[in-house]
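# Report on the structure
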Amino acid sequence: MMLMCDKTITLVKCDGEAYTTTTIKGVSWFDKAQVKLESTGLAFANATKVRIPSAVIPATLPQVGDILILGEVTATLEKPADLAPYRHVKIMAVGDNRRGRLPHLAAVCQ
């Protein structure tokens, strides 16, 4: 059992015309501010890591470009503006870690 997997998220997929949502319970959500020195000064970026234990991985796997919302969404999502009231991030990378001792998917988001 993975530690801190006490959050509920909603996976949002867009096929170009419609949004489909899937609620996933029992995941971890971790926000982290990243700072790096660039030629123009300090650059800040917020990164979110979401770990989905194998026991709760949905049939439709999260993919790069999908949206994750912290919490359960019961409203119908029809357009990008409908995401505004929610704490949401875009998936930038997905790692498949289902072969280790603590099998899970790891999504890196911004």
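Conventions and cut-offs
- Residues numbered from 1 in each chain as written.
- Predicted model: local features only at pLDDT ≥ 70, side-chain atom pairs only at ≥ 80, totals over all residues.
- Heavy atoms only, no water.
- Core = buried A, V, L, I, M, F, W, Y, C linked by side-chain atoms within 4.5 Å.
- Buried < 20%, exposed > 50% of the residue type's maximum accessible area, 1.4 Å probe, protein only.
- Helix = DSSP H or I, 4+ residues; strand = E, 2+ residues; numbered from the N terminus.
- Contact = heavy atoms within 4.5 Å.
- Pairing = 2+ DSSP bridges.
- Axes fitted to C-alpha atoms, helices over the stretch in contact; angles between N-to-C directions.
- Polar contact = N/O pair within 3.5 Å; in protein donor to acceptor, adjacent residues only side chain to side chain.

What follows covers the nonpolar core. The biggest cluster of nonpolar side chains holds 14 residues, and the ones touching the most others in it are Ile9, Val50, Ile52 and Leu68. Elements with a contribution of two residues or more to this core: strand 1 (7–14), strand 2 (19–38), strand 3 (41–53), strand 5 (88–97) and strand 6 (104–109). Once residues within four sequence positions are removed from consideration, Leu68 is found in contact with Ile9, Thr10, Leu11, Trp29, Val50, Arg87, His88, Val89, Ile91, Ala107 and Cys109. Judged by nonpolar contacts, the second largest core, of seven residues, contains Tyr19, Ile67, Ile69 and Leu83.

Regular strands show a simple pattern: their side chains alternate between the two faces of the sheet. Pairing of strand 1 with strand 4 (residues 67–70), which is carried by four bridges, proceeds in the antiparallel orientation. Considered in strand 4, the bridge of Val12 is made with Ile67.

A word on the sheet that holds strand 5. The pairing of strands in a sheet comes from backbone hydrogen bonds and takes either a parallel or an antiparallel form. An order of 1-2-3-6-5-4 is seen for the six strands of this closed barrel, with the pairing classed as antiparallel. This sheet shows a mean twist of 45° between the axes of neighbouring strands, independent of strand direction. Here strand 5 runs beside strand 6; their pairing, made up of six bridges, is antiparallel. Residue pairing in the sheet places Ala93 in a bridge with Val108 of strand 6.

Note that Asp66 resides in the loop between strand 3 and strand 4. We classify Asp66 as buried; its relative accessible area is 8%. Reaching out from Asp66, the side chain makes a polar contact with the backbone nitrogen of Gln63 at a distance of 2.9 Å. With sequence-adjacent residues up to four places away left out, Asp66 is seen in contact with Leu11, Val12, Lys13, Leu61, Val89, Lys90 and Ile91.

As far as function goes, none of this settles anything; it's purely spatial.
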